[in-house]
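Here are the chains, one letter per residue:
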Amino acid sequence: MQLTKYAHSCLRVEHDGGVLVIDPGIFSDPAALEGADAVLITHEHPDHLNAEAITRQLDRRPFTVHGPASLAAPLADAAEVLQQVQPGERFTAAGVAIRAYGGQHAVIHPDIPVVANLGFLINDVVYHPGDSLVVPDQPVDTLFAPIHAPWSKFSEVVDFIRAVAPRRAYALHDALLNTNGLGVLDRQYTALSHTEYQRLEPGTRLDA
């Protein structure tokens, strides 16, 4: 299984000829969707769901979209390809085994409604939690951890990485940071996460 890390929260997974894309939002390169057989969307926020890019790609080739039922509204006409996923559900997308975790986005502020959010465990190896800190109930080899967000606190993310206890952790959800912030967080997560931590530049490919 080969992974490509795109900007912010977007991952592309290639496995046995299938292409699976996770969270192609407005901060990531729409090229991540080229050749996609299936797309996983953790939740409806535009930094995770670029509905226009998905619609344009669907005009080129068919694929399925998997995620919470709440994606139907922002997907609009593209909602016809949505396959709704519930927390705890196991399914296959682009030939890859997926398990869904969680159910709710982390709280941003009590005055802001909480939307549905699913974390996805890919092929029992790679975990993408979306905008939540839900710990899977099984070992994870490779964790993509959301290192910065309006809803997050550094100490909570560190404890999340420690609780998941992956062999390695990579930064996710970092598009709102400048060079100064990235440098500070990279040093702190490297020192405190208790695992092999790294932030990948967009376009970096690795095996999983």
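Relevant structure appears above.
Conventions we followed
Residues numbered from 1 in each chain as written. Predicted model: local features only at pLDDT ≥ 70, side-chain atom pairs only at ≥ 80, totals over all residues. Heavy atoms only, no water. Helix = DSSP H or I, 4+ residues; strand = E, 2+ residues; numbered from the N terminus. Contact = heavy atoms within 4.5 Å. Polar contact = N/O pair within 3.5 Å; in protein donor to acceptor, adjacent residues only side chain to side chain. 1 Å grid on protein atoms, 1.4 Å probe; cavity = no way out; pocket = protein on both sides within 12 Å on 5 of 7 lines; lining within 4 Å. Points joined across faces, edges and corners; volume = space filled by probe spheres on them. Nonpolar A, V, L, I, M, F, W, Y, C, P; charged D, E, K, R; others polar. Core = buried A, V, L, I, M, F, W, Y, C linked by side-chain atoms within 4.5 Å. Buried < 20%, exposed > 50% of the residue type's maximum accessible area, 1.4 Å probe, protein only. Phe/Tyr/Trp six-rings, centres within 6.5 Å; stacked < 30°, edge-to-face > 60°. Pairing = 2+ DSSP bridges. Axes fitted to C-alpha atoms, helices over the stretch in contact; angles between N-to-C directions. Expected span 1.5 Å × (residues − 1). Arc of directions from axis to C-beta.

Within the secondary structure layout, L185 lies in helix α4 (residues 179–192). Considered as a pair, L185 and H148 are 37 residues apart in the sequence and their alpha carbons are 8.7 Å apart. Non-local contacts of L185, meaning those with residues more than four positions away in its chain, are made with I147, H148, F154 and L177.

Topologically, N117 is positioned in strand β9 (residues 116–122). In this structure the side chain of N117 is engaged in a polar contact, spanning 3.0 Å, whose partner is the backbone nitrogen of D131. Once residues within four sequence positions are removed from consideration, N117 is found in contact with T42, H43, Y101, G102, G103, Q104, H105, P129, G130, D131 and S132.

Tallied over the entire structure, the rule returns one cavity of 30 Å³ or more. The volume enclosed by the largest cavity comes to roughly 50 Å³. Lining the largest cavity, in full, are H45, H105, A106, V107, I108, H109, I112, P113, V114 and V115. In terms of residue class, the lining of the largest cavity is made up of seven nonpolar, three polar and no charged.

Within soluble globular proteins, side chains that are nonpolar generally end up buried alongside one another. Counting 25 residues, the largest nonpolar core has L20, L40, I98, F120, I122 and F144 as the members making the most contacts within it. When residues of this core are traced back to their parent elements, those giving at least two are β2 (11–15), β3 (18–22), β4 (38–40), β7 (90–93), β8 (96–104), β9 and β12 (168–172). Ignoring sequence-local partners within four residues, the contact set of L40 consists of L20, V21, I22, D23, P24, H66, F91, A93, I98, F120 and I122. Counting residues in hydrophobic clusters, the runner-up holds 20 residues, among them Y6, V19, A32 and L58.

Quick look at the packing of aromatic side chains now. Within the structure shown, the criterion is met by five aromatic pairs. Aromatic side chains F154 and Y189 sit 4.8 Å apart centroid to centroid with 55° between the ring planes, which places their arrangement in the tilted category. You can see F154 sitting in helix α3 (residues 154–164) and its partner Y189 sitting in helix α4, a full 35 residues away along the chain. Looking at F154, the relative accessible area reads 29%, which means it is partly exposed.

With respect to the element layout, H66 can be found in strand β5 (residues 64–67). Separated by 26 residues in the primary sequence, H66 and L40 have C-alpha atoms spaced 4.9 Å apart. For H66, the side chain forms a polar contact with the side chain of T64, separated by 2.8 Å.

Bringing the sheet that holds β3 into the picture now. One open sheet holds the seven strands; their spatial order is β6-β5-β4-β3-β2-β1-β14, and the pairing between them is mixed. If you trace the sheet from one side to the other, it starts and ends with β6 (82–84) and β14 (204–207), each paired once. Neighbour-to-neighbour, the strand axes of this sheet turn through a mean angle of 25°, independent of strand direction. Note: strand β1 (residues 2–5) against β14, four bridges, orientation antiparallel. Among the inter-strand pairings, L3 is bridged to a residue of β14, identified as L206.

Given a rise of 1.5 Å per residue, 14 residues ought to cover 20 Å, and the 20 Å separating the end C-alpha atoms of α4 matches this to within 8%. Where α4 is concerned, the buried positions are G181, L182, L185, D186 and Y189. Around the axis of α4, the buried residues are gathered within 130° of arc, so they sit on the same side. Among the exposed residues of α4, those oriented more than 90 degrees off its buried face are T179, N180, R187 and A191. Against α3 and β13 (196–198) lie the buried residues of α4. Sitting at the amino-terminal end of α4 is N178, which places a side-chain oxygen 3.1 Å from the backbone nitrogen of N180. Two residues or fewer after α4 comes H194, characterised by a positive phi angle close to 65°.

Any functional reading would require information that these geometric values do not contain.
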